[in-house]
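Coordinates in review
Each chain, letter by letter, is given below.
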Amino acid sequence: MKKQAFILAVYLISNTLSAQEDFKGRILDAETKEPIPYVNIGIVDVGIGTVSDEDGLFHLNLKSKVYKDDAEILFSAIGYETKYIPVSKAEIVYNEYPEILLKPTIMELKEVVVSNKGERFISDNIGYRNYGEKNYGYWKDNIALGGELGTKIIAKSGLRRLNRFEFEVWHNPSDSLLLRVNIYEDDGNLGRPDTNLNTSGKNILCTVQKDDRMVKVDLRPYDIYVKDDFIVSLELLKVYGEEGLGLVLSATLNGYGSYRKYASQDKWEHFSDVNMAYYVASELMVSEKTAQRFERRKAKKEKKQKTVSGFVIVRGQMIAGVSVFNTTTKETVASDDKGRYIIPAKKGNILTFTKDGFHDFSFRVGDKITQNIILKTK
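Computed from a predicted model, the values in this text were never measured in an experiment. (Residues numbered from 1 in each chain as written. Predicted model: local features only at pLDDT ≥ 70, side-chain atom pairs only at ≥ 80, totals over all residues. Heavy atoms only, no water.)

Attention now goes to the packing of aromatic side chains. Enumeration according to the criterion identifies eleven aromatic pairs in this entry. Consider the rings of Phe 23 and Phe 58, whose centres lie 5.5 Å apart with planes at 70 degrees: the pair is edge-to-face. Taken together, the residues span a long stretch of sequence, with Phe 23 in strand S2 (residues 20-29) and Phe 58 in strand S5 (residues 57-63) at a distance of 35 residues. On the basis of an interplanar angle of 70 degrees and a centroid distance of 5.9 Å, the ring pair of Phe 58 and Phe 75 is categorised as edge-to-face. A residue pair is termed long-range when its members are at least 10 positions apart, and Phe 58 in strand S5 and Phe 75 in strand S6 (residues 72-76) qualify at 17 residues. Of the two residues, Phe 58 and Phe 75, both sit in the buried class. Here Arg 129 stacks its cationic end above the ring of Tyr 279, 3.6 Å away from the centre of that ring. The positively charged end of Arg 161 is found above the aromatic ring belonging to Phe 121, 4.3 Å away from the centroid. (Phe/Tyr/Trp six-rings, centres within 6.5 Å; stacked < 30°, edge-to-face > 60°. Helix = DSSP H or I, 4+ residues; strand = E, 2+ residues; numbered from the N terminus. Buried < 20%, exposed > 50% of the residue type's maximum accessible area, 1.4 Å probe, protein only. Lys NZ or Arg CZ within 6 Å of the ring centre and 35° of its normal.)

When you line up the elements, Ser 335 lands in the loop between strand S27 (332-334) and strand S28 (340-344). You can call Ser 335 buried: its relative accessible area is 5%. One polar contact links the side chain of Ser 335 to the main-chain carbonyl oxygen of Ile 319, over a distance of 3.0 Å. Setting aside its immediate chain neighbours within four residues, Ser 335 contacts Val 312, Ile 319, Ala 320, Gly 321, Val 322, Arg 340 and Tyr 341. (Polar contact = N/O pair within 3.5 Å; in protein donor to acceptor, adjacent residues only side chain to side chain. Contact = heavy atoms within 4.5 Å.)

The phi dihedral of Leu 190 is positive, around 55 degrees, even though this residue is not glycine. Residue position: Leu 190 is located in the loop between strand S14 (176-184) and strand S15 (205-209). One non-glycine residue with positive phi stands out, namely Asp 223, at about 55 degrees. Within the secondary structure, Asp 223 is located in the loop between strand S16 (214-218) and strand S17 (225-226). A residue is classified by how much of its surface remains accessible, and Asp 223, at 35% relative accessible area, is partly exposed.

A word on empty space enclosed by the protein. All chains considered together, the criterion is met by one cavity of 30 Å³ or more. The computed volume of the largest cavity comes to approximately 40 Å³. Tyr 128, Arg 129, Asn 130, Glu 166, Phe 167, Glu 168, Met 214, Ala 277 and Lys 330 together form the lining of the largest cavity. Per-class residue counts for the lining of the largest cavity are four nonpolar, one polar and four charged. (1 Å grid on protein atoms, 1.4 Å probe; cavity = no way out; pocket = protein on both sides within 12 Å on 5 of 7 lines; lining within 4 Å. Points joined across faces, edges and corners; volume = space filled by probe spheres on them. Nonpolar A, V, L, I, M, F, W, Y, C, P; charged D, E, K, R; others polar.)

Spelled out as C-alpha cells, the structure:
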C-alpha cells in the first residue's frame, strides 16, 4: 500500500521589512486578577500567533509595516469574552509585562435533556482507527503555539454525548507535550471548524509523555453533546525538554478529510483527504426498542468474543498496573492488583506489555488462550 503522510509545519510570513517587535503581556481575569493560562493570541488569518503560558505570560513577535492598517490582535479563551487590540496600538515595552484583562462570560445553564418518548442512551463509538496501514500525520520544526490538526468525525444524526477521545502516538522525541483537545462544529466556510462545542468554561488538556502509545482523554467532565458530524482537533500548547518537536500520530485512508492551522488565530485550511486516527467513545440517544435490539446484539457478540488472559510476573511476583495493548484492535487493559490481565484478542493479534521501569514485551497470539508474561527490569 502506498505510504500516505502529511505535515503540520511552520510557515512564517516573510517580508523585506523584517524588523521584529516583541509584544508581550500578562493576561488576567478582569474580576479576580488571576492569570489566565493557554489563551489564544494572534492576528486573524495571518499565521502569527501564540498561547499564554500557565502564568498568563506571552510574547508575540510583530513585524513592522506588514499588516493592514486595520489589523487587530485577537485574544480568545474558553469562558471569556473575546478581546481585540489594534496592531497600531500594541504597546511595546522592554522591562515589564503590561496587564491585559479578559472579562468572564456569563455562563448559561445548559438545556436539560428530557424525553417522554421512551428513549435512552446506548454506546455508539465513532471515528477512525489505524489497523496497520503506514499512514500518519505529524508536527515538526517547532510549530507556533496554538497550531492545530483536526479531523471530521462522521456521526449519525441524533443527540450524542461524548465520553472519551483517543489517538495513537507513533513517535514523540520530546520529554512531554501539553495539548488541548478542541471539539468544533463544521459550520465554518466550506465545512471548516468554527464554533467550539466545549461550553464548560474549562480547557480539555492532555499531556503526552515520551513513551505513550494510546492516549485517552476523558470528556465526561465537560458535558459535550453533538447532534451530527463534528470536528476534533489537537492543539499544541507547550513542548517540554530539549528535543525538538516531532510528534507523529497514526492516520487512516478514510476520505472525509483533515484540517490544519499553523498558529493561534490563523485560518483553517482543508489539506488532505486522509483522516487522523481519532476515535471517540460516545453514547447515542435512541428509542427503547432500538436500545433493546442493540443490547441483544452486544450480548451475543460478547459471548462469541475470544480473550487471552494470564499473569504478569517479575522475579516471581505478580505485578499490577501493567498496560496491555492489542496493537490490532487498539484496546488497552491493565493488570489488576493480583497481576492478572484479560483482553479481547484472537489468533494473529500482537499484545504489548509496558510499565515504567521495565522493558516492553510483545508476543503474537496463537492457539493458547492463557499466557503468563515475565517482565525484566531496565
